[in-house]
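For reference, the chains in residue letters:
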Number of protein chains: 2
Amino acid sequence: MTESGGRRLTDFAAFLFDLDGTLTYPDGAVPGAPEAVRAVKGLGKKVAVVTNNSRLSRRQLAAALRRSGVPLDEGEILTAVTATARLIAGQRPDARVLVVGSAGLRAELAEHGLRLVEGPPAEYVVAGVDPDLSYPKLARAVEAILSGAAFIAVNVDRFVPTETGRMPGAALVVGAIQAVVGRPPDVVVGKPAPGLLLEACRVLGVRPADALLVGDSLASDLPAARAAGTAFALVLSGVTSGADLAAVQDRPDYVFSTLTELRECLGV
Amino acid sequence: MTESGGRRLTDFAAFLFDLDGTLTYPDGAVPGAPEAVRAVKGLGKKVAVVTNNSRLSRRQLAAALRRSGVPLDEGEILTAVTATARLIAGQRPDARVLVVGSAGLRAELAEHGLRLVEGPPAEYVVAGVDPDLSYPKLARAVEAILSGAAFIAVNVDRFVPTETGRMPGAALVVGAIQAVVGRPPDVVVGKPAPGLLLEACRVLGVRPADALLVGDSLASDLPAARAAGTAFALVLSGVTSGADLAAVQDRPDYVFSTLTELRECLGV
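Residues numbered from 1 in each chain as written. Chains lettered and ligands numbered in written order. Predicted model: local features only at pLDDT ≥ 70, side-chain atom pairs only at ≥ 80, totals over all residues. Heavy atoms only, no water.

Draft legend 1. Local environment of the overall build of chain A. For chain A, the helix and strand inventory stands at 10 helices and 16 strands. Taken against the 2.2 N^0.38 rule, which gives 18 Å for 268 residues, the C-alpha radius of gyration of chain A at 18 Å falls within 12% of a compact globule. Across the 268 residues in chain A, those meeting the buried criterion constitute 54%. Pairs at least 24 residues apart make up 67% of the contacts formed inside chain A by residues separated by at least 6 positions. As presented, chain A carries roughly 10,400 Å² of accessible surface, and 51% of it is formed by carbon and sulfur atoms. Side-chain charges in chain A split into 27 positive and 29 negative, and the spacing between the mean points of these groups amounts to 4 Å. (Helix = DSSP H or I, 4+ residues; strand = E, 2+ residues; numbered from the N terminus. Rg over C-alpha atoms; globule rule 2.2 N^0.38 Å. Buried < 20%, exposed > 50% of the residue type's maximum accessible area, 1.4 Å probe, protein only. Contact = heavy atoms within 4.5 Å. Areas by Shrake-Rupley, 256 points an atom, 1.4 Å probe, with all protein chains shown as cover. Lys, Arg positive; Asp, Glu negative; His and termini not counted. Charge placed at Lys NZ, Arg CZ, Asp CG, Glu CD.)

Below, the structure written as structure tokens:
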């Protein structure tokens, strides 16, 4: 472990865990993850999962965590999809929303009372990972934005991990629309933006300064933590290699090779 | 007419005409275009059409021009699609090419002896306007590029004009792929790149300095002319308004409200 903050891990009131590559792989738990989460909870720390995942509902994610033996339930999960739905419903409860994204994203938006539409007029266009992408669907999204709809990206991840390897992430849809409308999204909800982490701190009732984000990405997790004002612990179980780490200027506050190492540093 | 170059139109040996918005609209000829092309030819000037169009073959474009009464045939048309096929066939005659684009693009590549493949391995990925876009198709293109294929954009037009209004152009596909692979195309063939104009000058046997590009776009035609070293005449029959023109620093060498005005300036 490298520790640059000089602060003991046990000083944090809340632990926010990234999901893919940190707690789970497409085929099961990251080794050491179930025990680490159990240890953090055993110390009385508040815990939440903060994930950019835009393909699955919280219920599906909770079921996957349970199958993997990670002791976290639906109420402890905050996804970029949920945060997107809350953001829009908070701004305009009856908004017409045109979705270029997954069934899970559509379901979550509908559950928040938003009206899903297939073409303009719409007040919001939401872009995520869309296995059913088509030219007409993207063309309708472009038309809606050019007619005044807000352009919301669930996240801008380039890839998502799957059981058969990595596949294009929400960046595919965001990049397509952005190139044609000629401007980036008005809001990016997921990491590296800070919104997801700030919402998790609000729900848990802790100040960001008392929270630690544990994640595997220097491109997504690190800047999100910095922008939200939480500390950041990098685990090398996912997308970041030791060589990647050696190349960055902005060092994580903590670096662990695995969550087992994090657990050991908690003294449990 | 505004003339900044101080050079008479009749001094040019070759006239290169943009197509959409300059010679034709989706439903027929731009008023004055048939007469202007006939006048230029009558003066013994060399003529070519240089178009970013990536949906139609040269044969289809020539048929559309004939129906509109514009006296130009297939051999006088150079499209970004043709230039793309020549570029790749010139570099690697038996290349495997993965196309995210139209049937017209696929046909032209095949006519140049290239092998069309549906997934990696491929030496080239070519991006154009694709009405049959899908997530798996884009994912295979991303995978091919990340495995070493060259990334070629037929053009990066944001929109294409159609009879029912403008629709997203090749930028939709290029932007989607670019956002995921993390780099822009290795080559953009169409305007604003100069390749299409240089190829036209080569085919016509004239120096770029002796050629005049006539087009309707400050975003596409003007920079292509500058990069190729031809003069540029803007016509206000297409995408550019007088207000757009007033806002630019780099002035076209000539400005005509219509091709009728250009014809009159030729003295015919």
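Draft legend 2. Local environment of the sheet that holds strand S8 (residues 115-117) of chain A. Residues and elements named next belong to chain A. Here five strands make up an open sheet; going across it, the order is S8-S7-S9-S10-S13 and the pairing parallel. Looking along the sheet, the strands with just one partner apiece sit at the ends: S8 and strand S13 (187-188). Note: strand S9 (residues 124-127) against strand S10 (residues 150-153), four bridges, orientation parallel. Directly across from Tyr124, in S10, lies its bridge partner Ala150. Of the strands in this sheet, strand S7 (96-100), S9, S10 and S13 touch helix H3 (residues 80-91), which is tilted by about 175° from S9. On the sheet, helix H4 (residues 103-111) packs against S7, S8 and S9 and is oriented at approximately 165° with respect to S7. (Pairing = 2+ DSSP bridges. Axes fitted to C-alpha atoms, helices over the stretch in contact; angles between N-to-C directions.)

Draft legend 3. The interface of chain A and chain B, seen in detail. Each side of the interface is counted separately: chain A has 25 residues, and chain B has 25 residues. By the criterion of area lost to chain B, the three top residues of chain A are Tyr135, Leu172 and Val180 of chain A, representing 36% of everything that side buries. For the side of chain A that touches chain B, the secondary structure elements donating two or more residues are helix H5 (135-146), strand S12 (165-168) and helix H6 (171-181) of chain A. Sort the elements by how many residues they give to the side of chain A that touches chain B and H6 of chain A lands first, with eight residues. In terms of residue class, the side of chain A that touches chain B is made up of 19 nonpolar, three polar and three charged. (Buried area = accessible area lost by both parts, 1.4 Å probe. Nonpolar A, V, L, I, M, F, W, Y, C, P; charged D, E, K, R; others polar.)

Draft legend 4. Up close: the relation of the copies chain A and chain B. Mapping chain A onto chain B is achieved by rotating through 180° and translating by 0.0 Å along the same axis, at an RMSD of 0.0 Å. Such a combination of turn and shift is consistent with a two-fold rotation axis. Taking C-alpha positions as reference, the residue of chain A nearest the rotation axis is Ala176 of chain A, located at 2.0 Å. Same-surface contact between copies: 100% of interface residues of chain A are shared with the interface of chain B. (Least-squares fit on C-alpha atoms with pLDDT ≥ 70 in both.)

Draft legend 5. Highlighting the pattern of salt bridges. Counted under the stated rule, the structure contains 34 salt bridges over all chains. Of the charged contacts in the structure, one is a salt bridge between Asp18 of chain A and Lys191 of chain A, with a shortest N-O distance of 2.9 Å. One end of the pair, Asp18 of chain A, is in the loop between strand S2 (14-17) and strand S3 (24-25); the other, Lys191 of chain A, is in the loop between S13 and helix H7 (195-204), with 173 residues separating them in the sequence. Here Asp18 of chain A and Lys191 of chain A have matching classes, each one buried. Two residues, Arg202 of chain B and Glu199 of chain B, come together in a salt bridge whose shortest N-O distance is 2.9 Å. With Arg202 of chain B and Glu199 of chain B both in helix H7 (residues 195-204) and three residues apart, the pair spans about one turn of that helix. On the basis of relative accessible area, Glu199 of chain B is assigned to the buried category, the value being 17%. Overlapping salt bridges, with partners in common, bring together Arg7, Arg207 and Asp210 of chain A in one network. (Salt bridge = Lys/Arg side-chain N within 4 Å of Asp/Glu carboxyl O.)

Draft legend 6. Up close: the nonpolar core. Formed by 54 residues in total, the largest nonpolar core has its most connected members in Leu138 and Ile177 of chain A together with Leu138 and Ile177 of chain B. Discounting residues that sit within four places of it in the chain, Leu138 of chain A has contacts with Val100, Leu133, Val173, Ala176 and Ile177 of chain A together with Leu133 and Leu172 of chain B. (Core = buried A, V, L, I, M, F, W, Y, C linked by side-chain atoms within 4.5 Å.)

Draft legend 7. Main features of the packing of aromatic side chains. All names here are of chain A. Under the criterion given, the structure shown has six aromatic pairs over all chains. An aromatic cluster is present here, built from Phe12, Tyr254 and Phe256 joined pairwise through their rings. The ring of Phe159 carries Arg166 above its face, with NZ or CZ at 4.0 Å from the centroid. (Phe/Tyr/Trp six-rings, centres within 6.5 Å; stacked < 30°, edge-to-face > 60°. Lys NZ or Arg CZ within 6 Å of the ring centre and 35° of its normal.)

Draft legend 8. Spatial organisation of the packing of H6 of chain A against helix H6 (residues 171-181) of chain B. Taken N-terminus to C-terminus, the directions of H6 of chain A and H6 of chain B make an angle of 135°; their axes are 7 Å apart at the nearest point. For the element pair H6 of chain A / H6 of chain B, the angle class is oblique. With respect to the hand of their crossing, H6 of chain A and H6 of chain B are arranged in right-handed fashion. Contact residues: H6 of chain A offers Ala171, Leu172, Gly175, Ala176, Ile177, Ala179 and Val180 of chain A, while H6 of chain B offers Ala171, Leu172, Gly175, Ala176, Ile177, Ala179 and Val180 of chain B. Along the lines of polarity and charge, the residues of the contact of H6 of chain A with H6 of chain B split into 12 nonpolar, two polar and no charged. (Parallel < 35°, antiparallel > 145°, perpendicular 65-115°, else oblique. Left-handed = near helix turned anticlockwise from the far one by under 90°.)

Draft legend 9. Representation of the side chain of Asn155 of chain A within the structure. Residues and elements named next belong to chain A. Take Asn155: it is sitting in the loop between S10 and strand S11 (159-162). From its side chain, Asn155 meets the backbone oxygen of Asn52 in a polar contact 2.6 Å long. With residues up to four places along the chain from it excluded, the contact list for Asn155 reads Asn52, Ser54, Ala170, Val174, Val188, Gly190 and Lys191. (Polar contact = N/O pair within 3.5 Å; in protein donor to acceptor, adjacent residues only side chain to side chain.)

Draft legend 10. Representation of the sheet that holds strand S8 (residues 115-117) of chain B within the structure. Residue and element names in this part refer to chain B. With respect to topology, five strands assemble into an open sheet ordered S8-S7-S9-S10-S13, the strand pairing being parallel. Only two strands of the sheet have a single partner each, and these edge strands are S8 and strand S13 (187-188). Bridging between strand S10 (residues 150-153) and S13 involves two bridges; their strand directions are parallel. When the sheet's bridge partners are listed, Ala153 is paired in S13 with Val188.

Draft legend 11. Representation of helix H2 (residues 58-68) of chain B. Residue and element names in this part refer to chain B. Taken together, the buried positions of H2 are occupied by Arg58, Leu61, Ala62, Leu65 and Ser68. Take H2 and look down its axis: the buried residues cluster within an arc of 125°, on one side only. Exposed side of H2, more than 90 degrees from the buried face: Arg59, Arg66 and Arg67 are the residues found there. Looking at the residues trailing H2, positive phi occurs at Gly69, about 85°. (Arc of directions from axis to C-beta.)

Draft legend 12. Geometry of the domain arrangement of chain A. Residue and element names in this part refer to chain A. Domain boundaries in chain A define domain 1 (2-52 + 191-265) and domain 2 (93-188). On the domain 2 side, the residues contacting the six residues of domain 1 number eight residues. With both chains or domains summed, domain 1 and domain 2 bury close to 550 Å², and 60% of this area falls on carbon and sulfur atoms. Along the contact surface separating domain 1 from domain 2 lie two residue pairs in polar contact (both at pLDDT 80 or more). Of the residues contributing to the side of domain 1 that touches domain 2, the split by class is three nonpolar, one polar and two charged. (Domains from an automatic or database assignment.)

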